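Reading the structure
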Amino acid sequence: MSIAITLKKVHKNFKIKREDDKSLFGSLRDSLYLKNCYEKIHALKSIDLEVKKGEILGVIGPNGAGKTTFLQIIAGIMRCTKGKVLTKGSILPIIELGSDINPELTGKENIFLSGVVMGLPRRFIKRKYKELVDFSGLKKFINVKTKNYSSGMRMRLAFSILLLSNPDIILIDEVLGVGDIRFQKKCFEKLKKWSNEKKTIVFVSQDMTSIKKFCDKAIFLNKGSIVGYGNSSMVVKKYLMMNVSSEKDLYYEWGSKDIEITSVKLLGSKGEEKDSFKQGEKMIIEIGYDNKNNVKNPMFGIAIHADDMLVWGPNTTSSRALPKSLKKKGTISLVIDNIPFSSGKLFLTVAIHDYSGKELYHRKEKLLFFFVDHGLKKSNFLNLKYNWVFR
Ligand code: ATP
């Protein structure tokens, strides 16, 4: 099956001006336009994705995750800072539905004006006119100026006007939530029909029922990264299972918490916190704990995943690493002198079990991710020490 949309290592950064610093130095810095007047926001980080022709892809994630930026970059409304976006065919972005409806014109005049703006011949618009009006359910109001329409009616007109177009790729941002249930159902039916005609649809929504029902696949964006991809029901489940109480703490976690993971940091060789490493570099994973119920002989473990594949999963029992007595509150660090892997983005899971691994005290799954760069054009995923032996 051919690919309609390809994103290769797409990054999008925004620069925003820092809060006004009213100190003398702040004013001086601002007036001299020094670099750090601006803060960089990483709206999308290293997005790799392929959407097949005819596929319906759902996009979910908390506020500020990068969903709209993702759509706008595919639509070509904005350019990515780094990476490549390839699309095949014409694109219809349905991002601010109704924004081009002229309030001083009637519904009918708006249909004809929009059609002409799309470059369609009047004859074609005339032919499609009845179908559009029937779809909108606005027959009685079609000769009324749209400034007298309710917001739902304007939306219905705007969506119906889209039926004039014949795009290959349709991008939808949250807009179907407006309008009544019956009209929403009609819109979904139309989108499904478009998909059967092999049109590709990318659909951003917070309505998980629609995502599950309507989309073949989904991506879960968080802080600009894809943290879930696959069958839409599974991705929605993952999103709902996660701790979404605050955007900062978005991960699966469970366990009795008799001993609790209180912090997890990724540190470089000088003890500085970071999330990008080079292959061969030193990395320290520092886990803070609180042994609230005085657990004896716990087992600390970590797991590193690339997508859903486990890359490495050491623990203190198999390494016989735990001291005889453990402080009530403290940190334990796993020191990797020489990072052996390189694959772009890797996810870190941390867990504390009893010594045998049977009882779970606390697990935070994929709570952090980090990047490893090999610095070469081509590289193996693993840099293993090995020999060739000839006999
Ligand atoms: P929401 O669900 O709230 O609509 P979203 O997932 O669509 O959020 P985006 O609107 O893509 O998220 O924003 C991602 C990040 O990029 C946010 O931190 C946002 O503040 C920032 N951002 C988006 N557009 C701009 C812009 N034009 N200038 C500066 N920062 C921006």
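The structure this text deals with has already been given above.
We now turn to the structure provided with this report. (Residues numbered from 1 in each chain as written. Predicted model: local features only at pLDDT ≥ 70, side-chain atom pairs only at ≥ 80, totals over all residues. Heavy atoms only, no water.)

Taken together, F14, I16, I41, A43, P62, N63, G64, A65, G66, K67, T68 and T69 are the residues near the ligand. Within the backbone of G64, one N or O atom sits 2.8 Å away from an oxygen atom of the ligand. A distance of 2.8 Å separates an oxygen atom of the ligand from a polar side-chain atom of T68. Taking 630 Å² as the accessible area of the ligand by itself, protein coverage stands at 61%. Elements represented by at least two residues in the shell around the ligand include exactly β1 (3-17), β2 (38-52) and α2 (67-75). Looking at the shell around the ligand, the element that brings in the most residues is α2, giving three residues. (Near = heavy atom within 4 Å. Polar contact = N/O pair within 3.5 Å; in protein donor to acceptor, adjacent residues only side chain to side chain. Areas by Shrake-Rupley, 256 points an atom, 1.4 Å probe, with all protein chains shown as cover. Helix = DSSP H or I, 4+ residues; strand = E, 2+ residues; numbered from the N terminus.)

Taking 1.5 Å as the rise per residue, helix α4 (residues 122-136) with 15 residues should run 21 Å; its terminal C-alpha atoms sit 20 Å apart, in good agreement. K128 marks the point of greatest bend in α4, at about 40°. Those residues of α4 lying buried are I125, K128, Y129, L132, V133, F135 and S136. Buried-residue contacts for α4 involve α3 (107-117), α5 (151-161) and α6 (181-196). Where α4 terminates, the next one or two residues include G137, which has phi positive at roughly 70°. (Expected span 1.5 Å × (residues − 1). Bend = angle between axes of the 7 residues up to and from the residue. Buried < 20%, exposed > 50% of the residue type's maximum accessible area, 1.4 Å probe, protein only. Contact = heavy atoms within 4.5 Å.)

Counted by the stated rule, this structure contains 11 salt bridges. Across the pair K185 and E189 runs a salt bridge whose closest N-O atoms are separated by 3.7 Å. Taken together, the residues span about one helical turn, with K185 and E189 both in helix α6 at a distance of four residues. For K185, a relative accessible area of 54% puts it in the exposed group. (Salt bridge = Lys/Arg side-chain N within 4 Å of Asp/Glu carboxyl O.)

This part covers the packing of α3 against α4. Contact pair α3 / α4: the axes reach a minimum separation of 10 Å and the direction vectors enclose 135°. One element, α3, and the other, α4, form an angle in the oblique class. Note that α3 runs across α4; the crossing there is right-handed. In contact with K108, I111, F112, G115 and V116 of α3, α4 contributes R122, I125, K126, Y129, L132 and V133. (Axes fitted to C-alpha atoms, helices over the stretch in contact; angles between N-to-C directions. Parallel < 35°, antiparallel > 145°, perpendicular 65-115°, else oblique. Left-handed = near helix turned anticlockwise from the far one by under 90°.)

Ranked by internal contacts, the top residues of the largest apolar core, which has 48 residues, are I94, I111, F159 and L191. Among the elements that take part in this core, α5 stands out by supplying six residues, more than any other. When residues are assigned to domains, this core turns out to be shared by domain 1 (3-13 + 44-244) and domain 2 (255-390), each giving three or more. With near-sequence residues (within four places) excluded, I111 lies in contact with I125, Y129, L132, V133, I142, L157, I161 and L164. (Core = buried A, V, L, I, M, F, W, Y, C linked by side-chain atoms within 4.5 Å. Domains from an automatic or database assignment.)

Another point: the sheet that holds strand β7 (residues 200-204). Spatial strand order, β5-β6-β7-β3-β8-β9: six strands in an open sheet with mixed pairing. Two strands close off the open sheet at either side, each with one partner strand: β5 (91-94) and β9 (225-231). Neighbouring strand axes in the sheet, compared pairwise and without regard to direction, differ in orientation by 15° on average. Summarising the sheet, strand β3 (residues 56-60) and strand β8 (residues 217-222) pair through four bridges and their orientation is parallel. (Pairing = 2+ DSSP bridges.)

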